[in-house]
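Here's the letter readout for the chains.
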Amino acid sequence: MFGYIHQIVVNQFQLDINSDHGFRHWEKIEKIGIYLAKHTKADITVIKLFALLHDSKRENEFDDPLHGIRAAQFVEELFKKRLLPLTQFQLTQLIYACKFHSDSLAKSEDMTVQICWDSDRLDLWRIGITPNPLYLYTDTAKKAKTILWAKNLKINHSQKIKEYIKEEFERRQRQFTWMPGDLILIRRGKKRLIKQ
Ligand SMILES: [Fe+2]
């Protein structure tokens, strides 16, 4: 899945696109979510959008307790601009899933929301944490076989995504690297780079 919503998300994303909360994580969650949703009535559109949006408003890689709330607000904004192809019910599911995804005590009886949260937690392997079945919601996610499958899951980025990641990386490099002809503005002790 790659489209205009990806571009909007990437353009405003404050962290490194290749970081622990960047593109690879979003793609893995999408794949895990689709796997968990098999043989259920869970909503794939909501799961895919959760994968893309739930960490989109992170401001750091570590402790950022309000990023879920910001992501939920972002979802609402995008919906108001008619950029998300969702019904009102799907919107409610996505907002709830984003808002509470990092709250280990959060509860939901909705299978779609549970799969969103499970898919995020099953990708904890990437930061060296073994997912704990006590904090997973669905029976499929709690299985040792599924937890191990998520550990070994490999993502093959499509050529288009690889190119996009490379372009985005280079664009950001240019933005934050001083080049001859650029001006450095120092105001109140803070340096600001003005590109020429
Ligand atoms: Fe996440």
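For clarity, every value in this text was computed on a predicted model and none was experimentally measured.

K.L.:
Help me understand the overall build of the protein chain in this model?
P.N.:
Looking only at helices and strands, the protein chain features nine helices and two strands. Its helices and strands taken in sequence order, the protein chain reads α-α-α-α-α-α-α-α-α-β-β from the N to the C terminus. Burial statistics for the protein chain: of 196 residues in total, 29% are counted as buried. Within the protein chain, residue pairs in contact and separated by at least 24 positions form 57% of the contacts whose partners lie at least 6 positions apart.

K.L.:
Looking at this model, I keep getting lost on the nonpolar core. Mind explaining?
P.N.:
Soluble globular proteins tend to pack their nonpolar side chains together in the buried interior. If you look at the biggest cluster of nonpolar residues, it comprises 30 residues, and the most contacted ones within it are Ile47, Phe50 and Cys98. For this core, the secondary-structure elements that each account for two or more residues are helix 2 (23-37), helix 3 (44-53), helix 4 (67-80), helix 5 (88-99) and helix 6 (111-122). Tallying contributions element by element places helix 3 first for this core, with seven residues. Non-local contacts of isoleucine 47, meaning those with residues more than four positions away in its chain, are made with Gly33, Ile34, Ala37, Ala42, Thr112, Ile115, Cys116 and Ser119.

K.L.:
When you look at the packing of helix 2 against helix 6 in this model, what are you seeing that I'm missing?
P.N.:
Between two packed helices, the angle of one axis relative to the other and the distance separating the axes together describe the packing. Look at helix 2 against helix 6: their axes get within 8 Å of each other, and the N-to-C directions meet at 130°. Judged by the inter-axis angle, helix 2 sits oblique to helix 6. The way helix 2 lies across helix 6 gives a crossing that is right-handed. Residues Ile29, Ile32, Gly33, Leu36 and Ala37 of helix 2 touch helix 6, and the partners they reach there are Ile115, Cys116, Asp118, Ser119, Asp120 and Leu122. When the residues that make up the contact of helix 2 with helix 6 are grouped by side-chain class, the tally is seven nonpolar, two polar and two charged.

K.L.:
Help me out: how do you make sense of the environment of valine 9 in this one?
P.N.:
Counting through the fold element by element, valine 9 comes out in helix 1 (residues 4-12). Spatially, the C-alpha atom of valine 9 lies 9.9 Å from that of aspartate 55, the residues being 46 residues apart in sequence. If near-sequence neighbours (up to four positions away) are discounted, valine 9 is found in contact with Leu52, Leu53 and Ser56.

K.L.:
Looking at this structure, how should I read the environment of lysine 154?
P.N.:
Within the fold, lysine 154 resides in the loop between helix 8 (144-152) and helix 9 (159-176). Judged by local crowding, lysine 154 falls into the exposed class, with 6 C-beta atoms found within 10 Å. It is 9.6 Å that separates the C-alpha atoms of lysine 154 and arginine 24, two residues lying 130 residues apart in sequence.

K.L.:
Just to check I follow, could you spell out the packing of helix 3 against helix 5 for this structure?
P.N.:
It is the contact of helix 3 with helix 5, at a shortest axis distance of 10 Å, that shows an interaxial angle of 35°. The element helix 3 and its partner helix 5 pack so that their crossing is right-handed. Facing helix 3, whose interface residues are Thr45, Val46, Leu49, Phe50 and Leu53, helix 5 presents Gln90, Gln93, Leu94, Ala97 and Cys98. Each residue belonging to the contact of helix 3 with helix 5 can be placed in one class, and the counts come to seven nonpolar, three polar and no charged.

K.L.:
Quick question: what am I supposed to make of helix 3 here?
P.N.:
Taken across its 10 residues, helix 3 has seven buried, putting it largely inside the fold. Taken together, the buried positions of helix 3 are occupied by Val46, Ile47, Leu49, Phe50, Ala51, Leu52 and Leu53. Next to the buried residues of helix 3 lie helix 1, helix 2, helix 4, helix 5 and helix 6.

K.L.:
What is the right way to look at unusual backbone geometry in this model?
P.N.:
Even without glycine at this site, histidine 39 takes up a positive phi of about 60°. By secondary structure assignment, the location of histidine 39 is in the loop between helix 2 and helix 3. Its 7 C-beta neighbours within 10 Å are what place histidine 39 among the exposed residues. Unlike most non-glycine residues, arginine 82 shows phi in positive territory, near 60°. For arginine 82, a count of 7 C-beta atoms within 10 Å gives the class exposed.

K.L.:
What am I meant to see in the environment of isoleucine 29 here?
P.N.:
Mapped onto the elements of the fold, isoleucine 29 is located in helix 2. Placed 91 residues apart in sequence, isoleucine 29 and aspartate 120 show a C-alpha to C-alpha distance of 5.7 Å. Those residues in contact with isoleucine 29 that lie beyond four places of it in its chain are Ala51, Ser119, Asp120 and Asp123.

What counts and what doesn't
- Starting afresh in each chain, residues are numbered from 1 along the sequence in its written order.
- Predicted model: local features are reported for residues with pLDDT of at least 70 only, side-chain atom pairs are reported and counted for 80 or more only, and whole-chain, interface and lining totals are derived from all residues.
- Secondary structure elements follow DSSP: runs of H or I no shorter than four residues count as helices, runs of E no shorter than two count as strands, and numbering proceeds from the N terminus.
- Burial in this document is a count-based property: other C-beta atoms within 10 Å of a residue's C-beta are tallied, and the residue is buried at 20 or more, exposed at 12 or fewer, or partly exposed in between, with C-beta positions derived from the backbone.
- C-beta atoms are first placed from the backbone for all residues, and any pair lying within 7 Å is then listed as a contact.
- Take the buried Ala, Val, Leu, Ile, Met, Phe, Trp, Tyr and Cys residues, join any whose C-beta atoms are within 7 Å, and the set you get is a nonpolar core.
- Lines fitted to C-alpha atoms define the axes, with helix axes restricted to the stretch in contact, and inter-axis angles between N-to-C directions lie between 0 and 180 degrees.
- Each angle receives one of four descriptions, namely roughly parallel if under 35 degrees, roughly antiparallel if over 145, roughly perpendicular if within 65 to 115, and oblique otherwise.
- Helix crossings get a hand from a simple test, with the near helix turned counterclockwise from the far one by less than a right angle marking a left-handed crossing and a clockwise turn marking a right-handed one.
- When residues are grouped by polarity, Ala, Val, Leu, Ile, Met, Phe, Trp, Tyr, Cys and Pro land in nonpolar, Asp, Glu, Lys and Arg in charged, and all others, Gly among them, in polar.

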